[in-house]
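For reference, the chains in residue letters:
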Amino acid sequence: MRETLYTYTRWQVIALLFLGFSAGLPFLLVFSTLNARLADVGVDTATIGFFSWLGITYSIKVFWAPVVDRLKLPFLDRLLGKRRSWILLAQTGIATGLYLMANIDAVAHPELIALSGLLVAFSSATQDIGIDAYRIEIAEERLQAALAATYIFGYRLALLVAGAGALYLAEFWSWQVSYLTMAALVGVGALTVLIVKEPAVNHFAAAADIAHRVQEETTKRNHLTPRMARLAGWFYAAVAGPFVDFFQRYRELAIAILALVALYRVADIAMGVMANPFYLDFMGFSKTQVADVTKLFGFFMTITGSLAGGVLVVRYGVRRVLLAGAILTAATNLLFVWLAQYPPNIYTLAVVVSADNLSGGIANVALIAWLSGMTSASFTATQYALFSSLMTLPGKFLGGFSGIVVADFGYAQFFTVSAIMGVPAILLVLFLMRHGRRLDELAPAKSTEPVQP
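Residues numbered from 1 in each chain as written. Predicted model: local features only at pLDDT ≥ 70, side-chain atom pairs only at ≥ 80, totals over all residues. Heavy atoms only, no water.

### Here's the deal with the overall build of the protein chain
Here is step 1 of the chain: Looking only at helices and strands, the protein chain features 25 helices and 0 strands.
Here is step 2 of the chain: Taking contacts inside the protein chain between residues at least 6 apart in sequence as the whole, the part at least 24 apart equals 82%.
Here is step 3 of the chain: A total of about 20,600 Å² of accessible surface is found on the protein chain, and carbon and sulfur atoms cover 67% of it. (Helix = DSSP H or I, 4+ residues; strand = E, 2+ residues; numbered from the N terminus. Contact = heavy atoms within 4.5 Å. Areas by Shrake-Rupley, 256 points an atom, 1.4 Å probe, with all protein chains shown as cover.)

### Notes on the nonpolar core
Here is step 1 of the chain: Formed by 64 residues in total, the largest nonpolar core has its most connected members in Tyr250, Ile257, Leu260, Tyr264, Leu322, Trp370 and Leu371.
Here is step 2 of the chain: It is helix H20 (residues 346–374) that provides the largest number of residues to this core, a total of 10 residues.
Here is step 3 of the chain: Apart from residues no more than four positions distant in its own chain, Leu371 is found in contact with Val261, Tyr384, Phe387 and Met391.
Here is step 4 of the chain: Formed by 43 residues, the second largest nonpolar core is a distinct cluster that contains Ala65, Ala121, Ala133 and Tyr179. (Core = buried A, V, L, I, M, F, W, Y, C linked by side-chain atoms within 4.5 Å. Buried < 20%, exposed > 50% of the residue type's maximum accessible area, 1.4 Å probe, protein only.)

### Here we look at the packing of helix H22 (residues 402–409) against helix H23 (residues 411–420)
How two helices pack is summed up by the angle between their axes together with the distance between the axes.
Here is step 1 of the chain: Interhelical geometry of H22 versus H23 gives an angle of 135° and a closest axis separation of 7 Å. Considering the angle they form, H22 stands oblique to H23. Taking contact as the criterion, the partners of Ser402, Val405, Val406 and Phe409 in H22 are, on H23, Tyr411, Gln413 and Phe414.
Here is step 2 of the chain: Residues of the contact of H22 with H23, tallied by class, amount to 5 nonpolar, 2 polar and no charged. (Axes fitted to C-alpha atoms, helices over the stretch in contact; angles between N-to-C directions. Parallel < 35°, antiparallel > 145°, perpendicular 65-115°, else oblique. Nonpolar A, V, L, I, M, F, W, Y, C, P; charged D, E, K, R; others polar.)

### Examining the pattern of salt bridges
Here is step 1 of the chain: Summed over the entire model, instances satisfying the criterion amount to 5 salt bridges.
Here is step 2 of the chain: Two residues, Arg135 and Asp132, come together in a salt bridge whose shortest N-O distance is 3.6 Å. Within this pair, Arg135 and its partner Asp132 are both found in helix H9 (residues 110–138), separated by 3 residues, close to a single helical turn. Assigned by exposure class, Arg135 and Asp132 land together as buried.
Here is step 3 of the chain: A salt bridge links Arg438 to Glu252; its shortest N-O distance comes to 2.9 Å. Here Arg438, found in helix H25 (residues 436–442), pairs with Glu252, found in the loop between helix H14 (241–250) and helix H15 (254–263); they are 186 residues apart in sequence, far enough to count as distant.
Here is step 4 of the chain: Judged by its relative accessible area of 29%, Arg438 is partly exposed.
Here is step 5 of the chain: By relative accessible area, which is 51% here, Glu252 ends up exposed. (Salt bridge = Lys/Arg side-chain N within 4 Å of Asp/Glu carboxyl O.)

### Considering unusual backbone geometry
Here is step 1 of the chain: In this structure, Phe75 is a non-glycine residue whose phi angle is positive, near 70°.
Here is step 2 of the chain: By the secondary structure assignment, Phe75 is in the loop between helix H6 (65–70) and helix H7 (76–80).
Here is step 3 of the chain: At Arg251, a position not held by glycine, the phi torsion is positive, near 50°.
Here is step 4 of the chain: With relative accessibility at 58%, the residue Arg251 sits in the exposed group.

### Describing a nonpolar patch on the surface
Here is step 1 of the chain: Residues Phe50, Trp53, Ile56, Ile60 and Phe63 make up a contiguous nonpolar surface patch of roughly 590 Å² in combined accessible area.
Here is step 2 of the chain: Within the element layout of this structure, Phe50 appears in helix H4 (residues 45–50). (Patch = residues over 30% accessible without salt bridge, like charges linked within 9 Å, V, L, I, M, F, W, Y side chains within 5 Å.)

### Some words on the packing of aromatic side chains
Here is step 1 of the chain: By the definition in use, this model includes 13 aromatic pairs.
Here is step 2 of the chain: Summarising the aromatic geometry, the rings of Phe278 and Tyr279 are spaced 5.9 Å apart at their centres and angled 55° between planes, so their arrangement reads as tilted.
Here is step 3 of the chain: Among the residues examined, Phe278 registers a relative accessible area of 0% and is labelled buried.
Here is step 4 of the chain: The structure contains a cluster of three or more aromatic residues connected by ring pairs, namely Phe278, Tyr279, Phe336, Tyr411, Phe414 and Phe415.
Here is step 5 of the chain: Positioned above the aromatic ring of Tyr179 is the side chain of Arg37, whose terminal nitrogen or guanidinium carbon lies 5.0 Å from the ring centre. (Phe/Tyr/Trp six-rings, centres within 6.5 Å; stacked < 30°, edge-to-face > 60°. Lys NZ or Arg CZ within 6 Å of the ring centre and 35° of its normal.)

### Let's talk about the environment of Thr382
Here is step 1 of the chain: Position of Thr382 among the secondary structure elements: in helix H21 (residues 380–399).
Here is step 2 of the chain: Taking the C-alpha atoms as reference points, Thr382 and Asp69, separated by 313 residues in sequence, lie 6.6 Å from one another.

### So, the side chain of Ser354
Here is step 1 of the chain: Here Ser354 lies in helix H20.
Here is step 2 of the chain: You can call Ser354 buried: its relative accessible area is 12%.
Here is step 3 of the chain: Engagement of the side chain of Ser354 in a polar contact is seen with the backbone oxygen of Ala350, the distance being 2.6 Å.
Here is step 4 of the chain: Ignoring anything within four residues of it in the chain, the contact list for Ser354 reads Phe297 and Met301. (Polar contact = N/O pair within 3.5 Å; in protein donor to acceptor, adjacent residues only side chain to side chain.)

### Quick notes on the environment of Leu34
Here is step 1 of the chain: Examined against the element boundaries, Leu34 turns out to sit in helix H3 (residues 32–41).
Here is step 2 of the chain: Judged by relative accessible area, Leu34 falls into the buried class, the value being 0%.
Here is step 3 of the chain: Taking C-alpha positions, Leu34 is 9.6 Å from Gly163, a pair spaced 129 residues apart along the chain.
Here is step 4 of the chain: Each residue touching Leu34, except ones within four places of it in the same chain, is listed here: Leu28, Leu29, Phe51, Leu54, Met101, Ile113 and Tyr179.

### Points about the confidence of the model for the protein chain
Here is step 1 of the chain: Per-residue confidence for the protein chain gives a mean pLDDT of 81; residues scoring 70 or more make up 85%.
Here is step 2 of the chain: Confidence drops under a pLDDT of 50 for residues 447–453, and excluding neighbours within four residues, the segment shows 21 contacts in the predicted structure. (pLDDT = per-residue confidence, 0-100.)

### A closer look at the environment of Pro424
Here is step 1 of the chain: Position of Pro424 relative to the elements: it lies in helix H24 (residues 423–434).
Here is step 2 of the chain: Sequence separation between Pro424 and Leu263 is 161 residues, and the spatial gap between their C-alpha atoms is 7.2 Å.

See the structure below:
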């Protein structure tokens, strides 16, 4: 156990704490914190609503992930390497956008605030692509859960800073001071990028082979010039290569893997949509009570679950913890059925929220670690961007119907249904565990020895 806990002292694990902070910092500054600023200075509600479109950039980042995977940045690539150069470029965009937002009058020029916010959101989504790829490539699979745990800790800490911290700064000083401070805090991530090492991974082996074959075929069949043939090969390898690589490698198991990615968090996400209405409207807890238990206390329980998940994966292996996470997620949803049967009690609420957040932290870390082991070194950024989009989409879609279920049947029945929705994920994990040896044989090899830039 001492050796397992020692995992959290590895430089890669510590680095992901600061990179997680860097990833989480911009998120609320273009969402709820920005909305609070706009409302505070008198921007009309209709205009504020349009700013929610900034969030689309996080959902469509998969479209430019191939560029992050394949394109070398001039000068920066030679100086820092591929992953760190893209992360640093994205951080420069975030800091620039936040600086501009700090100095623009939101009432007089809402369109400039929107454009600056778009720069922050686009750069933040690009940073996410780069950091996810860096995390996967910097260490072997058994360390991925610990990396994910410290990343989540840093990310959640940044949400507190960019949420409550930014509001406190605006209250006691001004919105300009608040956003300038946030821009300065981007330096935490930038300094981390300059200190840490670049992973020693061959990003071009499989992609180069695909590009060469396409180049030869297009030259023979379409009589393209050599330059156009090279461009066609590069484009095909960047866009189609990640899919071709994944399905060729996992073959008959590919569909089961993608199904598990899509279904693993369905029970958790769908239940979460109705959590606050359940606490406030049905149970009758006050806003302060809900905030204290679910936000503050829940924050520490999630972090505890994430750290515990990292230790468990190192000790027992990722697939066992993945199964435990799926079972715990479904089981803790049933605790809300029990909670709905009794009068409101703050201590009972704390117990249920603790169990829910602990299981969620364990499950999330196990899923991230497992997905990290599924990606190919040649397409790390693109394949993980696809996985991360797929892991939340079904849950968010089904969550849209949660209000109808509650209105027609009640909260107890809704939580029961949400628990049942976790059963397919349990069955899929068991199926893939039966094919564990084959999955290990098919898993892509990744070099984990860091190189100096």
